[in-house]
Amino acid sequence: MTRRGAYALLAAFAVVAVLASVAIYTGFVGGLGRGPEAGQDSGQRAKPRNSAAPASAATWVGTWATSPAGAEPNTPDGYPGQSIRNVVHTSIGGKSVRITLSNLYGQFPLTITHASVAVAAQPSGPDAAAGTMRRLAFDGQASVVVAPGDEVVSDAVRLAVPQDADLLVTTYTNVSGGGPVTYHPHARQISYLAQGDRTEDLTGESYGGQTPYWRYLTAVDVLSTDTRGAVVFLGDSLTDGITSTVGANRRWPDVLADRLIAEQGGLRYGILNEGISGNRVLLSGSGRPSANQSGLVRLDRDVLSRTGVRTVVVALGVNDILRTRQTDPDVIVGGLKELTARAHAQGLHVVGATLMPFGGHRTSTPALNAVRLQVNERIRAGGIFDEVVDFDRALRDPAAPDRLLPRYDSGDHLHPSDDGYAAMANAFDLGHLEGSAPTEL
């Protein structure tokens, strides 16, 4: 069965499940969920940490996430009078859903007048599948004000969310001044804009504007009875999937999710991609708060606070060498060890990646490659991570080990092609996701 055919089957399942739940869910009124699910917390609250439960118990787990990377340029007033329909791809499915909206980079309060969530009718499209549109609330109210630098979690709504499918998360504000907009610029996914309050439109006819960004939305959680927890991928552009095919979900964590479905008969881990292009272990970008915050700075926000996390995969270090020109491998290794120690303190299992070849890239030099090789030698030797995935060995050209194999090279000699991202996913030992107690390092 093709991916599109499987997607259609999942969407059909979502519709059937939704119709079956109408008679028993008192919050369902006129086809739109109103208010929190019974027994669940609501609104502006801290999210649970590392709350994975046995598969027989319903538990909240992240199905999608992205890192707020910076302030969108030229958006001092935000997007007043416009609806933003973010298209995001689920990993694990569930029976209820909630979202997180961020105003991390806003200098003014952000007013969300209305918000909604729905299953997409087609991959990457703005149309909602029949019967899946849900109005979102925040502490029981349709609108919410998010303070500068803060975030908010919506109330839960009952919705049959399929695994490996697209969701539409739409926000609308009628108030000017909620900028700059907190966004993720390298989504590798087309989302949509419309004039006016179109949050609950079932069709995408009004959504004539297309955008390559995700705005405000940073996480989607589902209530699942079949999960082992979530895995967070803390990385740079190689995890962000900057050269992967737009709208095809070919980033390497996406391909790993497909592999889990194919090899294990179903995905039991939430796959949370927290890659930021240009990200470093040690140094953040400029600004207050700084754009492109370092791995060490954003660990709490992007890993430890995500829902149901049990494992973190760290794939950072290349930009410390190429962008910062950090030539002391001990400094980079020290940063990686600190990331692991802080994750261990929260009971997380840590998988670390070797640094892939960048020979031929415009910023590469033999001296910088020597630093990369020294860092990799330390990673392979142990004492930094609980487990290691060797991306260097999997993607390098045997005839020129300082370079990517040509079929894995997107053309810039740094970022992989779609085949290269697939090779990264295939190099990953699925057993590394099962780590429970952290290793004493």
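One can find the structure itself at the top, above this paragraph.
This is a predicted model, so every value here is computed, not measured.

Visitor: Just to check I follow, could you spell out the overall build of the chain for this structure?
Guide: Helix and strand counts for the chain come out as nine helices and 25 strands. For the chain, with 441 residues in total, the buried portion stands at 58%. The long-range share in the chain, meaning contacts at least 24 apart out of those at least 6 apart in sequence, stands at 81%. When the accessible surface of the chain is totalled, it reaches about 16,100 Å², and 51% of it is carbon and sulfur.

Visitor: Can you walk me through the pattern of salt bridges in this structure?
Guide: Here the idea is simple: oppositely charged side chains can pair when their charged atoms come close. Enumeration according to the criterion identifies 21 salt bridges in this entry. The partner of Arg259 in a salt bridge is Glu263, and the shortest N-O contact between them spans 3.0 Å. Here Glu263 and Arg259 lie together in helix H3 (residues 252-264), a separation of four residues that amounts to about one turn. By relative accessible area, Arg259 is classed as buried at 15%. What makes Glu263 exposed here is its relative accessible area of 52%. If you follow the salt bridges from partner to partner, you end up with Arg372, Arg380, Asp390, Asp392, Arg393 and Arg396 in one network.

Visitor: Help me out: how do you make sense of the sheet that holds strand E19 (residues 229-235) in this one?
Guide: Adjacent strands of a sheet form backbone hydrogen bonds with each other and so pair up, either parallel or antiparallel. Within the open sheet, the five strands sit side by side as E20-E19-E21-E22-E23. Their pairing is parallel. Since the sheet does not close on itself, it has two edges, and those belong to strand E20 (269-275) and strand E23 (387-389), each with one partner. Averaged over all pairs of adjacent strands, the angle between strand axes in this sheet comes to 20°, irrespective of strand direction. Sheet topology note: the E19/E20 ladder contains seven bridges and is parallel. The residue of E20 that forms the bridge with Val232 is Leu272.

Visitor: Where do I start with the environment of Tyr172 in this structure?
Guide: Structurally, the position occupied by Tyr172 is in strand E13 (residues 166-173). Sequence-distant contacts of Tyr172, that is, excluding residues within four places in its chain, are made with Gly81, Gln82, Ser83, Thr111, Ile112, Thr113, His114, Gly196, Asp197 and Thr199.

Visitor: Before we go on, may I ask you to explain the nonpolar core in this structure?
Guide: Soluble, globular proteins show a tendency: their nonpolar side chains are buried together. Among the nonpolar cores identified, the biggest contains 67 residues, and Leu336 and Leu339 are the most heavily contacted of them. When residues of this core are assigned to their parent elements, the largest contribution, five residues, is made by helix H6 (residues 329-345). Look past the residues within four positions of Leu339 in its chain and what remains in contact with it is Leu234, Val281, Gly295, Leu296, Leu299, Val314 and Leu316.

Visitor: Please explain the packing of aromatic side chains as it appears in this structure.
Guide: Any pair of aromatic rings gets described here by the distance separating the centres and the angle formed by the planes. As enumerated under the stated definition, the model contains five aromatic pairs in all. Following the ring pairs from residue to residue traces out a cluster consisting of Phe233, Trp252, Phe391 and Phe428. Here Arg98 stacks its cationic end above the ring of Trp60, 4.3 Å away from the centre of that ring. When the ring centre of Phe358 is taken as reference, the NZ or CZ atom of Arg372 above it lies at 5.7 Å.

Visitor: Teacher, can you tell me more about the environment of Gly334 here?
Guide: Within the element layout of this structure, Gly334 appears in helix H6. Along the chain, Gly334 and Leu282 lie 52 residues apart, while their C-alpha atoms are 9.5 Å from each other.

Visitor: What is the right way to read empty space enclosed by the protein from this model?
Guide: Leftover empty space is mapped by rolling, across the atoms, a probe with the size of a water molecule. All told, the structure shown has three cavities of 30 Å³ or more when counted by the stated rule. The volume enclosed by the largest cavity comes to roughly 240 Å³. The wall of the largest cavity is formed by 25 residues, among which Trp64, His89, Arg251, Asp254 and Ile271 lie closest to the centre. Listed by contribution, the elements that provide at least two residues to the lining of the largest cavity are strand E3 (59-65), strand E5 (82-89), H3 and E20. Looking at the lining of the largest cavity element by element, the count peaks at five residues for H3. Tallied by class, the residues present in the lining of the largest cavity amount to 10 nonpolar, nine polar and six charged. Asp236, Leu238, Ala315, Thr354 and Phe391 are the residues nearest the centre of the second largest cavity, which is lined by 14 residues in total. Across the lining of the second largest cavity, the residue classes tally to 10 nonpolar, three polar and one charged.

Visitor: Any chance you could explain the side chain of Glu72 here in plain terms?
Guide: Structurally, Glu72 can be placed in the loop between strand E4 (70-71) and E5. Glu72 gets classed as buried once you look at its relative accessible area, which sits at 6%. A polar contact of 2.7 Å, which involves the side chain of Glu72, links it to the side chain of Tyr79. A distance of 2.8 Å separates polar atoms of two side chains, one belonging to Glu72 and the other to Arg215.

Visitor: Just checking my understanding: could you explain helix H4 (residues 295-304) for this structure?
Guide: Since the α-helix advances by 3.6 residues per turn, residues separated by three or four positions end up pointing in the same direction. Among the 10 residues that make up H4, eight are buried, leaving the element largely enclosed by the rest of the structure. On its buried face, H4 is in contact with E19, E20, strand E21 (309-315) and H6.

Visitor: Help me out: how do you make sense of the packing of H6 against helix H7 (residues 366-381) in this one?
Guide: The description of two packed helices rests on the angle between their axes and on the distance between the axes. Packing of H6 against H7 brings their axes to within 9 Å, and their N-to-C directions diverge by 40°. Relative to H7, H6 is oriented oblique. The way H6 lies across H7 gives a crossing that is right-handed. Contacts between H6 and H7 involve Pro329, Asp330, Ile332, Val333, Leu336 and Lys337 on the former and, on the latter, Val371, Gln374, Val375, Arg378 and Ile379. Considering only residue class, the contact of H6 with H7 consists of seven nonpolar, one polar and three charged.

Calculation notes
- Residues numbered from 1 in each chain as written.
- Predicted model: local features only at pLDDT ≥ 70, side-chain atom pairs only at ≥ 80, totals over all residues.
- Heavy atoms only, no water.
- Helix = DSSP H or I, 4+ residues; strand = E, 2+ residues; numbered from the N terminus.
- Buried < 20%, exposed > 50% of the residue type's maximum accessible area, 1.4 Å probe, protein only.
- Contact = heavy atoms within 4.5 Å.
- Areas by Shrake-Rupley, 256 points an atom, 1.4 Å probe, with all protein chains shown as cover.
- Salt bridge = Lys/Arg side-chain N within 4 Å of Asp/Glu carboxyl O.
- Pairing = 2+ DSSP bridges.
- Axes fitted to C-alpha atoms, helices over the stretch in contact; angles between N-to-C directions.
- Core = buried A, V, L, I, M, F, W, Y, C linked by side-chain atoms within 4.5 Å.
- Phe/Tyr/Trp six-rings, centres within 6.5 Å; stacked < 30°, edge-to-face > 60°.
- Lys NZ or Arg CZ within 6 Å of the ring centre and 35° of its normal.
- 1 Å grid on protein atoms, 1.4 Å probe; cavity = no way out; pocket = protein on both sides within 12 Å on 5 of 7 lines; lining within 4 Å.
- Points joined across faces, edges and corners; volume = space filled by probe spheres on them.
- Nonpolar A, V, L, I, M, F, W, Y, C, P; charged D, E, K, R; others polar.
- Polar contact = N/O pair within 3.5 Å; in protein donor to acceptor, adjacent residues only side chain to side chain.
- Parallel < 35°, antiparallel > 145°, perpendicular 65-115°, else oblique.
- Left-handed = near helix turned anticlockwise from the far one by under 90°.

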